[in-house]
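Notes for the structure review
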Amino acid sequence: MLDKLEYLIVLAAERHFGRAAERLGITQPTLSAGIRQLEERLGATLVNRGSRFQGMTEEGERVLAWARRISDDVRTMREEVHNVRRGLSGHLRIGAIPTALAIVAKLTTPFRARHENVTFEVTSHTSAEIVSGVENFELDVGLTYLDDERLRRLDAYSLYAERYCLVTTRGSRFSDYETVTWEEVATLPLCLLSGTMQNRQILNRHLGANGRRFTAVMESNSMIALLSQTRAANLATIMPFRSAAVLGLAEPMVAIPITAPDVSYRIGLVTARRDMRPPIVAAFWEEARLQTEL
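Attention in this report is confined to the structure presented alongside it. (Residues numbered from 1 in each chain as written. Predicted model: local features only at pLDDT ≥ 70, side-chain atom pairs only at ≥ 80, totals over all residues. Heavy atoms only, no water.)

1. Topic: the pairing of strand 10 (residues 215-220)
As paired strands, strand 9 (residues 189-193) and strand 10 are joined by five bridges and run parallel to one another. What sits directly across from Cys191, in strand 10, is Met218. (Pairing = 2+ DSSP bridges. Helix = DSSP H or I, 4+ residues; strand = E, 2+ residues; numbered from the N terminus.)

2. Examining the sheet that holds strand 5 (residues 141-145)
In space, the five strands of this open sheet follow the order 4-3-5-13-6, with mixed pairing throughout. Looking at the sheet topology across the chains shown, the edges are occupied by strand 4 (117-124) and strand 6 (154-162). Each strand of the sheet is rotated relative to its neighbour by a mean of 20°, with strand direction disregarded. As paired strands, strand 5 and strand 13 (residues 265-272) are joined by four bridges and run antiparallel to one another. Bridge pairing in strand 13 places Thr144 opposite Gly268. Where helix 5 (residues 104-114) meets the sheet, its contacts fall on strand 3 (89-96), strand 4, strand 5 and strand 6, and the angle it forms with strand 4 comes to roughly 170°. Sitting on the sheet, helix 6 (residues 127-135) touches strand 3, strand 5, strand 6 and strand 13, and the angle it makes with strand 5 is about 150°. (Axes fitted to C-alpha atoms, helices over the stretch in contact; angles between N-to-C directions. Contact = heavy atoms within 4.5 Å.)

3. Describing the packing of helix 1 (residues 2-14) against helix 3 (residues 28-42)
Between two packed helices, both the angle of their axes relative to each other and the distance between the axes serve to describe the pair. Where helix 1 meets helix 3, the closest approach of the two axes is 9 Å, and the angle between their N-to-C directions is 115°. By the angle between their directions, the pair helix 1 and helix 3 is classed as roughly perpendicular. Helix 1 and helix 3 meet at a crossing whose hand is left-handed. Contacts from Lys4, Leu5, Tyr7, Leu8 and Leu11 of helix 1 reach helix 3 at Thr30, Leu31, Gly34, Ile35, Gln37 and Leu38. Here the contact of helix 1 with helix 3 is built from residues that sort into seven nonpolar, three polar and one charged. (Parallel < 35°, antiparallel > 145°, perpendicular 65-115°, else oblique. Left-handed = near helix turned anticlockwise from the far one by under 90°. Nonpolar A, V, L, I, M, F, W, Y, C, P; charged D, E, K, R; others polar.)

4. Digging into the packing of helix 2 (residues 17-24) against helix 3
Running from N to C, helix 2 and helix 3 point in directions that differ by 100°, and their axes come no closer than 8 Å. What the angle tells us is that helix 2 and helix 3 run roughly perpendicular. Together, Phe17, Gly18, Ala20, Ala21 and Leu24 of helix 2 and Gln28, Leu31 and Ser32 of helix 3 make up the contact between the two elements. A per-class count over the contact of helix 2 with helix 3 returns five nonpolar, three polar and no charged.

5. As for the packing of aromatic side chains
Counted by the stated rule, this structure contains seven aromatic pairs. Here the aromatic rings of Phe17 and Phe53 are separated by 6.2 Å at their centres, their planes lie at 70°, and the arrangement is edge-to-face. A residue pair is termed long-range when its members are at least 10 positions apart, and Phe17 in helix 2 and Phe53 in strand 2 (residues 53-56) qualify at 36 residues. Taking relative accessible area as the criterion, Phe17 reaches 10% and is therefore assigned buried. Taking relative accessible area as the criterion, Phe53 reaches 10% and is therefore assigned buried. Ring pairing ties together the aromatic residues Phe111, Phe120 and Phe284, which thus form one cluster. Of note, Arg277 hangs over the ring of Trp285, and the distance from its end group to the ring centre comes to 4.4 Å. (Phe/Tyr/Trp six-rings, centres within 6.5 Å; stacked < 30°, edge-to-face > 60°. Buried < 20%, exposed > 50% of the residue type's maximum accessible area, 1.4 Å probe, protein only. Lys NZ or Arg CZ within 6 Å of the ring centre and 35° of its normal.)

Right, dumping it as structure tokens:
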């Protein structure tokens, strides 16, 4: 039964029988037969079929939600059994918004010093993808903006306030200023995160306040790409102070605080709301509490 539930989870993720079978390491007929056996066991059609995968039925969506939760509970059970013998171990899946990626090491480094048998997978996502990934148990924890109505369905813990600085090359316009205003920054050709990112929506509000126009000459979902372009072409970008500090900007790059107004947004850790957290998630959550205001 557990295997069949895993078949359903992977099929929903891949939305293609062939790709799902390849990911599971089985043949496509084995996958199809397993899904049919699950449907017979539950007495309901779970997958809309034609010549190809056409999505889940309403009953299938309900079963999929349960399958994800059951799969995560089984993973938690296995971790607890292993931890009795070996201490805390396992694989932690962390999703972070691009502006928080550089901060992840502030949590994972001391955590692994305490628990050397833990491994990590860190991936970059939009805030919406993090909420979805955590809810669907595809991510164990996420680092994202806490000013989000969708987080009411999750557990959240505030870590720090994101404030912003102008990053540019020495000798460029404003590079010798002690501070700059949003109005001044809006006059520069900028490298900014993609429009799907919540950070970009925040910057749009402040750069475009009072109807101001500004120009994004490059967009990317990677802060590293923005920094590389800024340095190579003598352009400018906007970064959170903490990310700039962790990355350690080297000459000729300079970071200048953006004021008037001085704005900040809370960044925190989120995880699925459940009666009992997996041991690795519970321990990481406690590490975050120790590292508050990183």
